[in-house]
Amino acid sequence: MSRSLLSLEYTMPKRLLCCIFLVLMYVSGCDDAQKPKIGISFGVGEAKRWPAEKGYMEERAQELGMEVETRFNKADAPKTQMQDCFELISGISVLILIPRDARKANEILAYAKKKNVKVISYARAVMGEDIDFFVGYDTYRIGQSLGLHLTEKTYKGNLAILKGDKNDFNSPLLYDGAMISIRPLVERGAIHMILDEYVNGWSVDLAKRMLTDAIIKNDYKIDAVFAHNDIFAGAAAEVVKELGIKNPVIITGMDAETPALKRLLEGTQDATVYMDLKSMAYTAVNEAYNMATKKKPNVNSEFDNESKFKIDAFLINGKLITRENIDRVLIAPGHFTHEQIYGN
């Protein structure tokens, strides 16, 4: 056999192996390059739900094999939420946005559009602007449930309403749902409204001050408080105690935070609403994955955010929680442990 044939016999397998190796490296590199990356921007307050939802979102993104970067902004400092979003948008394909102000996100959306980044509005829908999708709870229906419960317990007397921040679209939706049951009693004169105001900036101190002033001006007479969330409900319970109100006061809230559940047991709060936050957070990430991989989103509703067109949405309803159904609705399904609610 000639020297040239021997050389070919031994060099060809090496060349073949080298080619295979290079192809595998190329394919692996393409997989990494095509790995979807999403960003999540929280512009939120002190409610305990938000850190939990952040964890759920990051957990689900990892399960789906996506890269995720999260910015958690409570006070627009040291960076503003807009700065956070601009930095996120530069390296992602989908942004999940919880806006601090639902009516002032236009610059974020414009930059996302410029960079061809899809935007999912979460929990608080961006208002008056075109967004790609909304994931949240059905606030109007939740308001209906709370309003009906409150009027069944307080069909006459003095009522105070602590609405949320006026720039959060959930605030009027919850209020409008509740007023379906409350308004007829007000019009008949059975219920006297001593307070019916928004609480700017979700300020607990402001909520307490407003409620205290209203009760004092009404000669210390109060029978019920409709609070937008459990933090305000807790503030209302504190005001009732501090003012020495002796009669039972029906207080409703929302979010099913652990302190609120303990108040249900103590009798200082009458109802709250549990939303499956894990399910909602997972849904947002699932839809971000669908957008990033060009798949069809799951839509169960349309939402009017006062823009040109209704927005595709996935809405989750809540469950009314009272002292009587805590075990059945929260503990039995495993949402909370017995120890978390009742202690040891």
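Residue numbers run consecutively from 1 along every chain, following the written order of its sequence. Only residues with pLDDT of at least 70 get local features here, since the model is predicted, and only at 80 or more are side-chain atom pairs given and counted; chain-wide, interface and lining totals rely on the full set of residues. Hydrogen atoms and water are omitted, and side-chain values are computed over all heavy atoms in the structure.

Here we come to the nonpolar core. As used here, the term nonpolar core means buried Ala, Val, Leu, Ile, Met, Phe, Trp, Tyr and Cys residues forming a set that is joined through side-chain atoms within 4.5 Å. A simple rule labels every residue: compare its accessible area, found with a 1.4 Å probe on the protein chains alone, to the largest value its type can have, and call it buried under 20%, exposed over 50%, or partly exposed in between. Grouped together as the largest cluster of nonpolar side chains are 44 residues, with contacts concentrated most on Met57, Ile96 and Tyr122. In terms of nonpolar packing, the next biggest core, distinct from the first, is built from 24 residues, Leu95, Ile108, Met127 and Phe134 among them.

This part takes up the sheet that holds strand β6 (residues 157–163). DSSP bridges decide pairing: two strands pair if at least two such bridges lie between them. Starting at the N terminus, helices and strands are each numbered in turn, a helix being any DSSP run of H or I of at least four residues and a strand any DSSP run of E of at least two. Judged by pairing direction, the sheet is parallel, and its 4 strands sit side by side in the order β7-β6-β8-β9 without closing on themselves. Strands at the two margins of the open sheet, each flanked by one partner only, are β7 (191–198) and β9 (250–252). Across this sheet, the average inter-strand angle for adjacent strands is 10°, counted without regard to direction. The sheet contact formed by β6 and strand β8 (residues 224–227) spans 4 bridges and is parallel. Note on β8: the bridge partner recorded for leucine 159 is alanine 224. By definition in these notes, contact holds between two residues if any of their heavy atoms fall within 4.5 Å. Between N-to-C directions, angles cover 0 to 180 degrees, with each direction set by a line fitted to C-alpha atoms, over the stretch in contact for helices. The strands that helix α6 (residues 170–188) touches are β6, β7 and β8; relative to β7, the one it contacts most, it runs at about 165°. Contacts from helix α7 (residues 204–217) reach β6, β7 and β8, with the element oriented near 155° to β7.

Looking now at the packing of helix α5 (residues 139–153) against α6. Here α5 crosses α6 at 35°, and the two axes come no closer than 7 Å. Pair α5 / α6 crosses with right-handed handedness. In this structure, α5 contributes Thr139, Tyr140, Ile142, Gly143, Gln144, Leu146, Gly147, Leu148 and Thr151 to the contact, and α6 contributes Asn170, Leu173, Leu174, Asp176, Gly177, Ala178, Ile180, Ser181, Ile182 and Leu185. Residue polarity is assigned by list, with Asp, Glu, Lys and Arg as charged and Ala, Val, Leu, Ile, Met, Phe, Trp, Tyr, Cys and Pro as nonpolar; anything else, Gly included, falls into the polar class. When the residues that make up the contact of α5 with α6 are grouped by side-chain class, the tally is 10 nonpolar, 8 polar and 1 charged. Definitions for this section: a left-handed crossing has its near helix turned counterclockwise from the far helix by less than a right angle. A right-handed crossing has that turn clockwise.

What follows covers α5. Here the expected span of a helix is defined as 1.5 Å times the quantity of residues minus one. Compared with an ideal rise of 1.5 Å per residue, which puts 15 residues at 21 Å, α5 spans 21 Å between its outermost C-alpha atoms and is within 8% of the ideal. Here α5 has its buried residues at Thr139, Ile142, Gly143, Leu146, Gly147, His149, Leu150 and Thr151.

Here we take up the pattern of salt bridges. We define a salt bridge as a contact between a side-chain nitrogen of Lys or Arg and a carboxyl oxygen of Asp or Glu at a distance within 4 Å. For the structure on display, the rule yields 18 salt bridges. Put simply, glutamate 58 and lysine 54 hold a salt bridge, and the shortest N to O gap is 3.1 Å. Of this pair, glutamate 58 and lysine 54 are both found in helix α2 (residues 49–63), 4 residues apart, which corresponds to roughly one turn of the helix. Linked by salt bridges that have partners in common, Lys37, Glu69, Arg71, Lys79, Asp84 and Glu87 make up one network.

By themselves, these are just geometric observations and shouldn't be taken as functional.
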